[in-house]
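Coordinates in review
Spelled out, the chains give:
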Amino acid sequence: MSPARATPAPLGTAAALALGDDALVLSHRLGEWAGNAPVLEEDVALANMALDLLGQARTLLSLVGDEDELAYLREERAFRNVQLVEQPNGDFAHTIARQLYFSVYQQLLYGQLAAEDGPLAPLAAKAVKEVAYHRDHAEHWTLRLGDGTAESHERMQRALDALWRYTGELFEPVDGLPVDWTALHDGWLTAVTGVVEQATLTLPGGPQSGAWTAGAGRQGIHTEPFGRMLAEMQHLHRSHPGASW
Amino acid sequence: MTTTAPEAGRLEAVFDAAVAADERIEPRDWMPDAYRATLVRQIAQHAHSEIIGMQPEANWITRAPSLRRKAILMAKVQDEAGHGLYLYSAAETLGTSRDELLDKLHAGRQRYSSIFNYPTLTWADVGAIGWLVDGAAITNQVPLCRCSYGPYARAMIRICKEESFHQRQGYELLLALSRGTEAQHAMAQDAVDRWWWPSLMMFGPPDDESSHSAQSMAWKIKRHSNDELRQRFVDICVPQAASLGLTLPDPDLRWNEERGHHDFGPIDWDEFHEVLRGNGPCNDQRISRRRQAHEEGAWVREAAAAYAAKHGEAKA
C-alpha cells in the first residue's frame, strides 16, 4: 500500500494530466480510424471508444484548467501521457494490442480509484463501466486474431511484441493517485496473460520497459510520432489565437 | 418456384392494391422484380453514400479546433457508419448481401451521392456539410419515411432524426464562425460559396431529364419530384442564411410573390454530369480510399470468420 492511499487530498495537477492526457491521446489515435476500419461495425466500435475516452479527457482536464488550452496550447514536453497511447495505429493488430494493454490497465486503475473516497471517485465509477466494454472488445479481437488464421496470428504476435516495452511505464506511480501500483501490475499481468494464452499467443518475454521508456511519458519525454500527432491536432486552433469555435 | 400466369396476375393485383392503399410492402410479400431492383439500387446508393460520406468529414476529426467540436464530429461520423449498417441491413431484406453491394461499389458498378466527390478544404466545410448537405439529404429523405417498402421506411425514420440533429450542429458551427473573427467569418462564407450549388445538385437532374422518377413515384418509393424538393430546400435555406449572416452565391436568388417561392439561377448541369462521370475533384480519391480500407481489412475479416468457424461464434 502506497503512503498516498491514506491521504485523499484534493486532486493534483499531475494526476489529472496523467489520466486526462492518456485518454485524450488514445482518443485521438482511435479517431484516426474513422472510415478506415476493416468492417463497418468496427468503425462504430472504435469511434464509440474514442468518444468515451474524449469524454473522460474533457472531464479530467477541466478539473485542473481550461480543456482547450490544455489540449491545444501545451508543447509536446508538457504532455504527461504514457508513451503506449501515442504509438501510431499500425495495422488493426497493433491497435488491438494497444487497446488490450491499455484497457486492462485502465479498468483496474479506475476500479481502484472508484473504490476510494478521493476526488476522482465519481469520474472513475462512470469510466470503469465504459472501459469494461473497451476491454471486452480488445479481448475478443485478441482471441479472434490470435486464434484466427496463420496470418492474423503472426500479426497479433508481432503487435504484442512491439508494444510490450511500453507497458512497464503504466505502473510507475503517479503523484497524487491513491493506487496500489504493485497490485495493479499483478492484476494486469494475470489478466493479459490469460487472454494471450487463450488466444494461442505467447506473452512477450523481454523487459516491460527500456531505459528510455521507463516513466518517460509521465515526465514529458515522448516518441517521435507524438510530435507529428500534436502538430496535426493543434495547428488549426493555434492558427487563430483567441478565437472561439 | 414457378408461378403460373393467372397466379402472377393475382399477386401483382394484391401488390398494386397495397401500394394504392398506402400499405407497407414487407420482405416476404410478393413484389415485382423491377420494384425490388429499384429499391436495391436506391438503398445501396444511400448506404454507400453514408460510408463514403464519412471520408470528407473524418478528414477534419484530427484537426477539430476544440474538444467539444471534436466530440460532436466524431459522434456524427459514427452515426454515419451506423446509418450505413441499417441501410445495408434494409437492402439485405431484399435478398442481397452487404459484401455483394460493397463489391459493386468498389468496382464502380453502384453509385454514391456525387456531393462527396467535393473536397473539405477548411474547418468551415464541416459546418457547410452539416447545414447544406445534411439539410438537402433530410429534404430528400423525410418523404422516404413514408416509402412503400417497410424496412426502408423504418430505417429512414431513425436516420432522419439523427440527420436533423447533424443539420442543426452544422448550422450552429457556421453561426459560431460567422460571429467570430474576421478570418472565421470569411472561412464560413467561402465554404457556403463552394457548397451551395453542389447541394442543389443533390436533388438530381431536372424532372424532365430524370430517368427513374416516374416509375418510383408510381410505386410510392418516391413521393415528390426532384424539382419540387429542390425548391423546398431553397425556400428553407434563404432565411437561414440570413440568420447566419452569410450570403448564398446566386445573384438571381429572390422572392417571387406570385409563385410563393424563391426564384434561383441556373444550375450548372455540365458540372453535375462531369462529376457523375467520375471527373469530380475527389472521385478517384474517395473510391481508392474505400477500396484500400477494404483490402487492408481483408485479413481481419478472414480471421474473424476462421475464429467463428472454429468456435461456433456468430460472425463478427
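This text follows the structure it describes.
Residues numbered from 1 in each chain as written. Chains lettered and ligands numbered in written order. Predicted model: local features only at pLDDT ≥ 70, side-chain atom pairs only at ≥ 80, totals over all residues. Heavy atoms only, no water.

With that settled, the discussion passes to the overall build of chain A. A count of helical and extended segments in chain A gives nine helices and zero strands. When the helices and strands of chain A are listed from N to C terminus, the series reads α-α-α-α-α-α-α-α-α. Relative to the compact-globule value of 18 Å for 245 residues, chain A shows a C-alpha radius of gyration of 17 Å, a close match. Summarising its shape, the C-alpha atoms of chain A cover approximately 50 × 45 × 35 Å along the three principal directions. Residue burial in chain A is summarised as follows: out of 245 residues, 60% are buried. Summing over all exposed atoms, chain A offers an accessible surface of approximately 9,100 Å²; the carbon and sulfur share of this is 55%. Each charge class in chain A was averaged separately, 17 positive and 32 negative side chains, and the resulting centres sit 2 Å apart. (Helix = DSSP H or I, 4+ residues; strand = E, 2+ residues; numbered from the N terminus. Rg over C-alpha atoms; globule rule 2.2 N^0.38 Å. Buried < 20%, exposed > 50% of the residue type's maximum accessible area, 1.4 Å probe, protein only. Areas by Shrake-Rupley, 256 points an atom, 1.4 Å probe, with all protein chains shown as cover. Lys, Arg positive; Asp, Glu negative; His and termini not counted. Charge placed at Lys NZ, Arg CZ, Asp CG, Glu CD.)

Of the residues lining the interface, 49 residues belong to chain A; the matching set on chain B comes to 48 residues. When the two sides are added together, the surface that chain A and chain B hide from each other amounts to roughly 4,100 Å², 66% of it contributed by carbon and sulfur. Together, L40, R144 and W245 of chain A form the three largest contributors to the area buried by chain A at its contact with chain B, with a combined 18%. Where chain A packs against chain B, one counts two salt bridges. Among the salt bridges present, the one from D147 of chain A reaches K310 of chain B, with a minimum N-O distance of 3.1 Å. Run the count over chain A and chain B and you get 15 residue pairs in polar contact (both at pLDDT 80 or more). The dominant element in the side of chain A that touches chain B, judged by the number of residues it contributes, is helix 2 (residues 40-64) of chain A, at 11 residues. (Contact = heavy atoms within 4.5 Å. Buried area = accessible area lost by both parts, 1.4 Å probe. Salt bridge = Lys/Arg side-chain N within 4 Å of Asp/Glu carboxyl O. Polar contact = N/O pair within 3.5 Å; in protein donor to acceptor, adjacent residues only side chain to side chain.)

This part is about the packing of helix 7 (residues 150-178) of chain B against helix 8 (residues 182-201) of chain B. Residue and element names in this part refer to chain B. In contact at an axis separation of 7 Å, helix 7 and helix 8 are set at 135° when each is read in the N-to-C sense. The orientation of helix 7 with respect to helix 8, classified from their angle, is oblique. Contacts between helix 7 and helix 8 involve L174, L177 and S178 from the former and Q184, H185, M187, A188 and V192 from the latter. Here the residues of the contact of helix 7 with helix 8 are counted per class, giving five nonpolar, three polar and no charged. (Axes fitted to C-alpha atoms, helices over the stretch in contact; angles between N-to-C directions. Parallel < 35°, antiparallel > 145°, perpendicular 65-115°, else oblique. Nonpolar A, V, L, I, M, F, W, Y, C, P; charged D, E, K, R; others polar.)

Here we come to the packing of aromatic side chains. All names here are of chain B. Applying the stated criterion across every chain, the model contains 17 aromatic pairs over all chains. Between W60 and W123 the ring centres are 6.5 Å apart and the planes differ by 70°, which places this aromatic pair in the edge-to-face class. Of the two residues, W60 is situated in the loop between helix 3 (54-58) and helix 4 (67-92) and W123 in the loop between helix 5 (98-106) and helix 6 (124-141); the sequence distance between them amounts to 63 residues. Both residues of the pair, W60 and W123, belong to the buried class. When the ring of W269 is compared with that of F272, the centres are 5.1 Å apart and the planes differ by 85°; the resulting orientation is edge-to-face. (Phe/Tyr/Trp six-rings, centres within 6.5 Å; stacked < 30°, edge-to-face > 60°.)

Residue and element names in this part refer to chain B. On the surface, a cluster of negative charge is contributed by E92, D99, E100 and D103. The biggest single contributor to the negative patch is helix 5, with three residues. By relative accessible area, D99 is classed as partly exposed at 43%. (Patch = residues over 30% accessible without salt bridge, like charges linked within 9 Å, V, L, I, M, F, W, Y side chains within 5 Å.)

Bringing the side chain of Q55 of chain B into the picture now. Residues and elements named next belong to chain B. Locating Q55 in the fold gives a position in helix 3. Taking the relative accessible area as the measure of exposure, Q55 reaches 11% and is therefore buried. Other than its neighbours up to four places away in sequence, Q55 contacts Q285, R286, R289 and R290.

Let us now look at the nonpolar core. In this structure, Y110 and L145 of chain A together with W123 of chain B are the most contacted members of the largest nonpolar core, which totals 172 residues. Discounting chain neighbours no more than four positions away, the residues touching L145 of chain A are F92, A93, I96, S152, H153 and M156 of chain A together with W299, V300 and A303 of chain B. (Core = buried A, V, L, I, M, F, W, Y, C linked by side-chain atoms within 4.5 Å.)

Before going further, it helps to examine the state of the cysteines. All names here are of chain B. What the rule picks out here adds up to zero disulfides over all chains. Distance from the sulfur of C237, which forms no disulfide, to the nearest cysteine sulfur (C160) is 16 Å. Among the residues examined, C237 registers a relative accessible area of 1% and is labelled buried. (Disulfide = S-S within 2.5 Å.)

Moving on to helix 1 (residues 5-20) of chain B. Residues and elements named next belong to chain B. Across its 16 residues, helix 1 extends 22 Å between first and last C-alpha, which sits within 8% of the 22 Å expected from 1.5 Å per residue. The complete set of buried residues in helix 1 reads L11, F15, A18 and V19. Projected down its long axis, helix 1 carries its buried residues within an arc of 100°, all on one side. For helix 1, the exposed residues lying more than 90 degrees away from the buried face are A5, P6 and A20. Those residues of helix 1 that are buried lie in contact with helix 2 (33-52) and helix 9 (213-218). At the exit of helix 1 stands D22, carrying a positive phi of roughly 60°. (Expected span 1.5 Å × (residues − 1). Arc of directions from axis to C-beta.)

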